[in-house]
Amino acid sequence: GEHVEQTSGCVPGHVQANFVALPKAYAFDFLVFCLRNPRPCPLLAMTDPGKGDPGIIASGADLRTDIPRYLVFREGKVVESTTDVSEYWQSDMVGFLLGCSFSWEQKLADRNLAPRNVVEGLNV
């Protein structure tokens, strides 16, 4: 896509999400973690293994290519920042969309409580 920067303050009124992709061997443990920790990790959607389509929440989207920027981690460290993770996508990869604070920034701004990162055009 054309937009490759952070999206804080960019799409008021729309739900935004953080994205995590893991091999199927780790997906169930991550799912349980999200379900047991719904406030810090509110699960919005989960893909079928190997599929990039998140289903009804963003029908027709491809989670491998449609997110403005991805950070690729290996052993807890960022190894790449890219706009396409297709080369990393394995046949058993499971994608998770987690709720993001960016979704409610406009509600705060409408009450003259705009978060500093929105006012300054920064990411959190």
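Everything below is about the structure shown above.
Structural notes, computed from the coordinates. (Residues numbered from 1 in each chain as written. Predicted model: local features only at pLDDT ≥ 70, side-chain atom pairs only at ≥ 80, totals over all residues. Heavy atoms only, no water.)

**Regarding the sheet that holds strand β1 (residues 17-23)**
Next up, step 1: With respect to topology, three strands assemble into an open sheet ordered β1-β5-β2, the strand pairing being antiparallel. A single partner strand is all that each edge strand has here, and the edge strands are β1 and β2 (43-46). Taking each pair of neighbouring strands and ignoring which way they run, the sheet shows an average axis angle of 20°.
Next up, step 2: One ladder, built from seven bridges, connects β1 with strand β5 (residues 93-99); its direction is antiparallel. Bridge assignment links Val-20 to a residue of β5, and that residue is Phe-96. (Pairing = 2+ DSSP bridges. Helix = DSSP H or I, 4+ residues; strand = E, 2+ residues; numbered from the N terminus. Axes fitted to C-alpha atoms, helices over the stretch in contact; angles between N-to-C directions.)

**Thoughts on a nonpolar patch on the surface**
Next up, step 1: Judged by side-chain polarity, Leu-35, Leu-43 and Met-46 come together as a nonpolar surface patch covering roughly 260 Å² of accessible area.
Next up, step 2: Structurally, the position occupied by Leu-43 is in strand β2. (Patch = residues over 30% accessible without salt bridge, like charges linked within 9 Å, V, L, I, M, F, W, Y side chains within 5 Å. Areas by Shrake-Rupley, 256 points an atom, 1.4 Å probe, with all protein chains shown as cover. Salt bridge = Lys/Arg side-chain N within 4 Å of Asp/Glu carboxyl O.)

**Side note on the packing of aromatic side chains**
Next up, step 1: The tally for this structure, following the rule as stated, stands at three aromatic pairs.
Next up, step 2: Aromatic pair Phe-19 and Tyr-70: ring centres 6.1 Å apart, planes at 75°, arrangement edge-to-face. Within this pair, whereas Phe-19 is found in strand β1, its partner Tyr-70 is found in strand β3 (residues 70-74), the two being separated by 51 residues in sequence.
Next up, step 3: Relative to Trp-89, the ring of Phe-19 has its centre 6.4 Å away and its plane inclined at 10°; by these criteria the two rings are stacked. Taken together, the residues span a long stretch of sequence, with Phe-19 in strand β1 and Trp-89 in the loop between β4 (77-82) and β5 at a distance of 70 residues.
Next up, step 4: Residue classification places Trp-89 among the buried residues on the basis of a relative accessible area of 13%.
Next up, step 5: By way of ring pairs, the aromatic residues Phe-19, Tyr-70 and Trp-89 are connected into one cluster. (Phe/Tyr/Trp six-rings, centres within 6.5 Å; stacked < 30°, edge-to-face > 60°. Buried < 20%, exposed > 50% of the residue type's maximum accessible area, 1.4 Å probe, protein only.)

**Section: the pairing of β4**
Next up, step 1: As judged from the five bridges shared by β3 and β4, these two strands associate in the antiparallel manner. Residue pairing in the sheet places Leu-71 in a bridge with Ser-81 of β4.
Next up, step 2: Taking the residues that link successive antiparallel strands as the turn, the β3-β4 hairpin has two residues, and the phi of Glu-75 there is positive, at about 50°.

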